[in-house]
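# Remarks on the overall topology
Chain residues, written in single-letter form:
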Amino acid sequence: MSTWTKITPLEDIPKLGSRVVRSSKGDIAVFRTADDKVFALHDKCPHKGGPLSQGIVYGDKVACPLHSWKIHLADGNAEEPDEGHTACFAVKVEDGTVYLEL
Amino acid sequence: MQKMKLVVVGNGMAGMRVVEELLKIAPDLYDITVFGDEPYPNYNRIMLSPVLAGEQTIDDIILNSREWYAENNIILHTGKYINKIDRKNRVVYSADGTSAEYDRLLLATGSKPFMLPVPGADLQGVIGFRDIKDVDIMIDTAGKHPKAVVIGAGLLGLEAANGLKIQGMDVTVVHRNDWLLERQLDRTAGKMLQKSLEEKELKFILRQETQEIVGENGRVTALRLKDGTELEADLVVMAIGIRPNFALAESAGIHCDRGIVVNDTMQTYDPRVYAVGECVAHRGISYGLVAPLFEMAKVCATHLANFGIGLYKGSVTSTKLKVTGIDLFSAGDFASGEGAADDGREEIVLHDAVGGVYKKLVIKDDKIIGSVLYGDTTDGAWYFQMLRDGKLIHEIRDNLMFGQDSLGNTGHQGQDKAAAMTNEMEVCGCNGVCKGTIVKAIKEQGLFTIDDVKKQTKAGSSCGSCTGLVEQILASTLGGGYAAPSSSKAVCGCTDKNHEEVRQLIRDHKYLNIPDAMSGMAWRTPNGCATCRPALNYYLLSTWPHEAVDDPQSRFINERVHANIQKDGTYSVIPRMYGGVTTPDQLRKIADVADKYAVPMVKVTGGQRIDLLGVKKEDLIDMWADLDMPSGYAYGKSIRTVKTCVGSEFCRFGTQNSTQLGIDIEKAFDHMWAPHKVKFAVSACPRNCAESGIKDVGIIGVDSGWEMYVGGNGGIKTEVAHFLCKVKNAEEVLEYSGAFIQIYREEARYLDRTVHWIERVGMEYVKQRVLEDAEGRKAAYERLIYALQGSVDPWAERVQKRNEHKQFEIIAV
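Everything numeric in this text was worked out from a predicted model, so none of it was measured.

Along its length, chain B carries 26 helices and 37 strands. What you see for chain B is a C-alpha radius of gyration of 31 Å, in line with the 28 Å of a compact globule of 813 residues. Principal-axis analysis of the C-alpha atoms gives chain B an extent of 105 × 70 × 50 Å. Expressed as a percentage of its 813 residues, the buried residues of chain B come to 55%. In chain B, the proportion of contacts linking residues at least 24 apart, taken out of those at least 6 apart, comes to 62%. Of the roughly 34500 Å² that chain B leaves accessible, carbon and sulfur atoms contribute 49%. For chain B, the distance from the average site of its 95 positive side-chain charges to the average site of its 108 negative ones is 2 Å.

Contacts between the two partners involve 29 residues from chain B, matched on the other side by 30 residues from chain A. Where chain B abuts chain A, roughly 2300 Å² becomes buried across the two surfaces, and 59% of that area is made up of carbon and sulfur atoms. Contact with chain A buries area across many residues of chain B, yet Gln 553, Ile 811 and Val 813 of chain B alone supply 27% of it, more than any other trio. Applying the counting criterion to the chain B and chain A interface returns three salt bridges. For Lys 458 of chain B, the salt bridge identified is with Asp 82 of chain A, shortest N-O distance 2.9 Å. Inspection of the region where chain B meets chain A yields 14 residue pairs in polar contact (both at pLDDT 80 or more).

Pairing in this open sheet of five strands is mixed, and the strands run E8(A)-E4(A)-E3(A)-E2(A)-E37(B) from one edge to the other. For this open sheet the edge positions go to strand E8 (88-89) of chain A together with strand E37 (811-812) of chain B, each flanked by a neighbour on one side alone. Where strand E3 (residues 26-32) of chain A lies against strand E4 (residues 38-42) of chain A, five bridges are found, and the strand directions are antiparallel. Note that in E4 of chain A the partner of Val 30 of chain A across the bridge is Ala 40 of chain A.

A separate point is the nonpolar core. Nonpolar side chains in soluble globular proteins tend to be buried together. Residues and elements named next belong to chain B. If you look at the biggest cluster of nonpolar residues, it comprises 120 residues, and the most contacted ones within it are Leu 107, Leu 193 and Met 266. Considering every element that reaches this core, the biggest residue donor is helix H9 (residues 290-304), with nine residues. The residues touching Leu 107, leaving out its near neighbours within four places in the chain, are Val 9, Ile 85, Leu 248, Ala 249, Ile 254, Ile 260, Val 273, Tyr 274, Ala 275, Val 276 and Cys 279. Counting 52 residues, the second largest nonpolar core, distinct from the first, contains Cys 492, Cys 532, Leu 620 and Phe 808.

Residue and element names in this part refer to chain B. Within this structure, the stated rule accounts for 15 aromatic pairs over all chains. Ring geometry for Tyr 633 versus Trp 673: centroids 5.4 Å apart, planes at 65 degrees, classification edge-to-face. Of the two residues, Tyr 633 is situated in the loop between helix H20 (620-627) and strand E32 (639-644) and Trp 673 in the loop between helix H21 (658-668) and strand E33 (678-683); the sequence distance between them amounts to 40 residues. The class of Trp 673 is buried, set by a relative accessible area of 16%. Taking the centre distance of 5.9 Å and the plane angle of 50 degrees together, the rings of Phe 669 and Phe 680 count as tilted. Of this pair, Phe 669 sits in the loop between H21 and E33 while Phe 680 is found in strand E33, placing the two residues eleven residues apart along the sequence. The class of Phe 669 is buried, set by a relative accessible area of 0%.

Turning next to the packing of helix H1 (residues 13-25) of chain B against H9 of chain B. All names here are of chain B. Packing of H1 against H9 brings their axes to within 8 Å, and their N-to-C directions diverge by 40 degrees. Considering their axes alone, H1 and H9 lie oblique with respect to each other. H1 and H9 meet at a crossing whose hand is right-handed. Contacts from Met 13, Ala 14, Arg 17, Val 18, Glu 21, Leu 22 and Ile 25 of H1 reach H9 at Val 290, Leu 293, Phe 294, Ala 297, Lys 298, Cys 300, Ala 301, Thr 302 and Leu 304. Among the residues making up the contact of H1 with H9, the classes are represented as twelve nonpolar, one polar and three charged.

Once that is clear, we can look at the pairing of strand E2 (residues 30-36) of chain B. The side chains of a regular strand alternate between the sheet's two faces. All names here are of chain B. The element E2 is extensively covered by neighbouring structure, given that six of its seven residues are classed as buried. Two strands pair when backbone bridges link them, and strand E1 (residues 4-9) and E2 are joined in this way by six bridges, in the parallel orientation. Bridge pairing in E2 links Val 9 to Phe 35.

Atom-level detail of predicted coordinates should not be read off regions where pLDDT is low. For chain B, mean pLDDT is 90; residues scoring 70 or higher make up 95% of the total. For residues 409-416 of chain B, every residue scores under 50 in pLDDT, and the model assigns this stretch 23 contacts once sequence neighbours within four places are set aside.

Quick look at the pairing of strand E2 (residues 17-23) of chain A now. Residue and element names in this part refer to chain A. Where burial is concerned, most of E2 is hidden: six out of the seven residues are buried. Note that E2 and E3 share seven bridges and pair antiparallel. Within the sheet, the bridge partner assigned to Val 20 lies in E3 and is Ala 29. Where E2 hands over to E3, the hairpin turn is made up of two residues, counted between the paired strands.

The subject of this paragraph is the sheet that holds strand E14 (residues 219-225) of chain B. Residues and elements named next belong to chain B. One open sheet holds the three strands; their spatial order is E13-E14-E15, and the pairing between them is antiparallel. At either end of the open sheet lies a strand with only one pairing partner, and these are strand E13 (210-216) and strand E15 (230-232). Within this sheet the neighbouring strands show an average axis-to-axis angle of 30 degrees, counted without direction. The pairing of E13 with E14 spans six bridges and is antiparallel. Directly across from Glu 216, in E14, lies its bridge partner Arg 219.

Residue and element names in this part refer to chain B. Along helix H23 (residues 754-761), the positions that sit buried rather than exposed are Thr 754, Val 755, Trp 757 and Ile 758. The buried residues of H23 occupy one face: seen down the axis, they fall within an arc of 165 degrees. Of the surrounding secondary structure, the elements contacted by the buried residues of H23 are strand E35 (705-710), strand E36 (722-727), helix H22 (730-747) and helix H24 (763-772). One or two positions beyond H23, positive phi appears at Gly 762, with a value near 90 degrees.

On to the environment of Lys 226 of chain B. All names here are of chain B. Structurally, Lys 226 is set in the loop between E14 and E15. Separated by 487 residues in the primary sequence, Lys 226 and Asn 713 have C-alpha atoms spaced 64 Å apart. What Lys 226 contacts, discounting residues up to four positions off in sequence, is Gln 208, Glu 209, Thr 210 and Gln 211.

Looking now at the pattern of salt bridges. All names here are of chain B. By the definition in use, this model includes 54 salt bridges over all chains. Glu 278 is the partner of Arg 130 in a salt bridge, and the nearest nitrogen-oxygen pair spans 2.9 Å. With Arg 130 in the loop between strand E9 (126-127) and helix H5 (132-144) and Glu 278 in the loop between strand E19 (273-275) and strand E20 (280-282), the pair connects residues that are 148 residues apart, well separated along the chain. Exposure class is identical for Arg 130 and Glu 278. Each is buried. Where Lys 203 meets Asp 170, a salt bridge forms, and the shortest distance between an N and an O atom there is 3.0 Å. Taken together, the residues Lys 203 in strand E12 (residues 203-205) and Asp 170 in strand E11 (residues 170-174) connect sequence positions 33 residues apart.

Calculation criteria
Residues numbered from 1 in each chain as written. Chains lettered and ligands numbered in written order. Predicted model: local features only at pLDDT ≥ 70, side-chain atom pairs only at ≥ 80, totals over all residues. Heavy atoms only, no water. Helix = DSSP H or I, 4+ residues; strand = E, 2+ residues; numbered from the N terminus. Rg over C-alpha atoms; globule rule 2.2 N^0.38 Å. Buried < 20%, exposed > 50% of the residue type's maximum accessible area, 1.4 Å probe, protein only. Contact = heavy atoms within 4.5 Å. Areas by Shrake-Rupley, 256 points an atom, 1.4 Å probe, with all protein chains shown as cover. Lys, Arg positive; Asp, Glu negative; His and termini not counted. Charge placed at Lys NZ, Arg CZ, Asp CG, Glu CD. Buried area = accessible area lost by both parts, 1.4 Å probe. Salt bridge = Lys/Arg side-chain N within 4 Å of Asp/Glu carboxyl O. Polar contact = N/O pair within 3.5 Å; in protein donor to acceptor, adjacent residues only side chain to side chain. Pairing = 2+ DSSP bridges. Core = buried A, V, L, I, M, F, W, Y, C linked by side-chain atoms within 4.5 Å. Phe/Tyr/Trp six-rings, centres within 6.5 Å; stacked < 30°, edge-to-face > 60°. Axes fitted to C-alpha atoms, helices over the stretch in contact; angles between N-to-C directions. Parallel < 35°, antiparallel > 145°, perpendicular 65-115°, else oblique. Left-handed = near helix turned anticlockwise from the far one by under 90°. Nonpolar A, V, L, I, M, F, W, Y, C, P; charged D, E, K, R; others polar. pLDDT = per-residue confidence, 0-100. Arc of directions from axis to C-beta.

Below, the structure is given as C-alpha cells:
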C-alpha cells in the first residue's frame, strides 16, 4: 500500500531547483518550479542514468546534467526527438510541506 | 475564449514554415485553415531535381503529411485556387466557391515560371519546371519521345536538362548569355561547367534566343531560333526565371511592386495581411531560394503570435548546383572584368584547368564579398561564413585560397572534407554519428538547418567541433536549399536577441537579476532554458560585479556544487595547488582524506594538481572541511590553473622564476568567472616545458623579461597562441594579462574560449586594446581587480555556512 510521506518544507527546495529523497524505491528527485509547482521523478535520466536532480530546471522541464536531455517533469517523458521515460511519483504540498506518495 | 482565425493562402514551403514556427511558440492562438492549389500536401520543392533525376521519389520529399495537418487541427484544402480576397469582410474565396473568414491572412503564393511570350508557347509539351505536375509530364514524355529542349541555363534549367538526360532524352540547352549560370558563375567557371556537362552528353547553344515554338495538332514539334535554326523538340522546358505570384494580392488592392510589398515584420499595407516567400518584395528584392524564406517565416511567426519581436533585414544567399558529380558553389558579389564596378575590389584566383579546379575570392576592404568555387567546393561553407560575418581576412590572406585546412588547425576540425567522405565515416566523434546517418536524416526528415540536424541526429550537439563539417554535409545534400544561420545568432530559442545585443541591453538598462533582464528584454519563456540562463547569469555578473545577483539555479551543476559531476553522478574534488607547487603536508592531508572517504581513484591532472574522483555529493562538505585547502575551480567557466615549469630556482636552463610568477598569477586571479575556462602557463625559458603555446595566456621567460602569448588552445581545436608582446617584469605580466582577460570577460560570448573570441575580433583589435591604449589597459586591469575584490573560497564558505546549503543533504525516508 502506498502512503503519503512527509518530505521537507517547500522552502527547503530552491525555486527552479530540487532535492534528492533516498527511498526504498531508489533516489527520487523532487523538483520545484518558478511558480511553486512540485514534481517527483526517479532520479535517473532514461538516456544514461544521469541524476536529473542535478540538472537545470526551466519551465516544467529539467535538462539532464550529463548530456542535456530534456525531461518533462509532469510525465517523465524525454523531449522529442529523444525517446525515453522516467518513472513519476505522486507529490503534493500541504501547508507548506511537501509529501510524496511511496 | 474564441480563437482567432488564420487563413494561409499557399501550401508551400514558406507558408507552412510560418505555420510550424507559429505552432511552436503559440500553439493555441489560432484556428488555422490552409489553401493550396496543388493536389498535394506541403512538399520539398527544392528536391524536385533529384526526383526528376530518379534519385528520390515524390513520397521522399513530402514535408508535412496529411496526418500532420490533422494532428495539428489544421483544415487543409488542396487543389483549391483562391481567386478573391474580400478585405472589408475578411473572407477569401476559392474558384470552386469555398470560402473562409480570417482575422489574420497569410499570403504565401510563391512564384510562377516565366514563360517566354513567343508564338507557340501555349502548345502542349511546353512547360516550366516548378511543381510535381511538371516533373510528371517530363518523366512521362521521356518515356515516349526522344528529344527535349531546355530554354535557359540557370540553376533550374541545368537541373532539368540533367534530369531529362538521365531519363533517356536527347537534350539541348538554349541560352541567351555567353556562358552558363551567368548569375552564379564568372565566365571561366561557366566554361568549365559547360565542358563537364558536355562530357555528360548535354548539348548547348549559347548566345541564341527563341523566335518561335513550332507545333502540329496542338503539340510541340520543334523550336526555331532567331538565326533560323530549327531544333526538333518533343518537349520544351522554359527555365528562364521565376516571377513572384502576386496577382491575387494585387486584385485585392494590396500594394504590390513586382511582388507583394512587405515591411521588415513581413506585414503588407493591410495590417491584417502578412506575406512571406517568393511572392514578396522586401526592400525591393524578391528571393527565390529557401534560406531567406525560412528567415522570413521565423520573423512572421513571432508577429502572428503577437510577440512583436524580430525583424527581417534581408539575406545574403549562396547557391550550389544539384547535379550529381559536379561541384560548384557561389556566394555574394563576384562579378569581375567587364561590368564589375571598379570600387577597390581585389581578386584572388586559383585555376587548375587540367585538374578541373577553379576558385575565386573577391575581396573588398579586407573582407570577402564574393566567392566562386568550381571542382573543389570543400571550403564553400567556410568562405560563406566569413562573408556573412564580415570577418577581416588580412591575417590569413596568404593561406586563404588553400582552404581552412591550411591554417594549421591540427585538431579534430582538420578533417573538413565532407564531399570526400564515405557514408560510413564518422562525423561526430562525441555521439558516434556517421555521414550516412546525417544525409539520411536530412533527406527523409526534411531538415534544413544545423539546429535541425543537431536535434535529430545529435551530430555536433556535444563539443561542437564537427559543426563545420555538418554544415558542409547539409549544404551539399540540400544544394541551394541550405538555410545558413545568420551571422549574429540568437542566444537560444527563448529570444531573437544575439549575445552582443543582450550584453548591450544589460549595460544600458543596468539589469541586476535574471527576472528583470528577461522581462526587460521580452524573453519568450517564463524562465528561460538551460542554454540562456547560464549565459545571462554570467553576463549580469561580469557587467555589474558586486551589484548583480548571482543565481545558483542558473548555473550548471558543477558551478552550483563547486565540484565536477561524473558519469555515475559522483563528483571529483580538485584542491588548488598554486602554481602546481605542493608540500609534504598537503600531500599527507590529501592522502588521509582519500583514505577516510574511500576515494576510488586518485589521479594527477594535466593542470599539475591532484584529482580525487568518485566522491558522493553528501560527502563533499565534510571532505572540504578535512582537506582545508581552497577550491581549484577545476569545474567552472573560470580560471583553472596556472601551469608552470621548474624555473630558475632549480633548473639549469631557467632564466626566470616561473613557479613564483605562476603562483602570483593564480592568487591574483583566483575565483575569477569567465565566459569559458581560462588556462595560464608560465615557462622559464624558450624550451617551454609548461606548454605556454597552447594556453589562453602563455608566458615564456627570456633573459630580459617575459614574452606573452594569448589565445592558445589545446582542446577541441588545437591552436597555437599568438604573440602579444614582451614585458620587463612580473608586475607588467599581471597588468597585461589581467587587462587581456578582463576585455575577454567583458566582450566575448558565453562559452567562447579566448581562441574563438580572437578569431572573431582579430589579433589587431586585441593589440590595440591591450598594447596601444595604455590607459585603457590599466583601467581594464583595475576593473578585474575590483571584480575580484573580497571574493572568498567557495569550499570554506560552504563549510562555515552548512545550513544555507541544504542541497548537499539527502532526505532519507
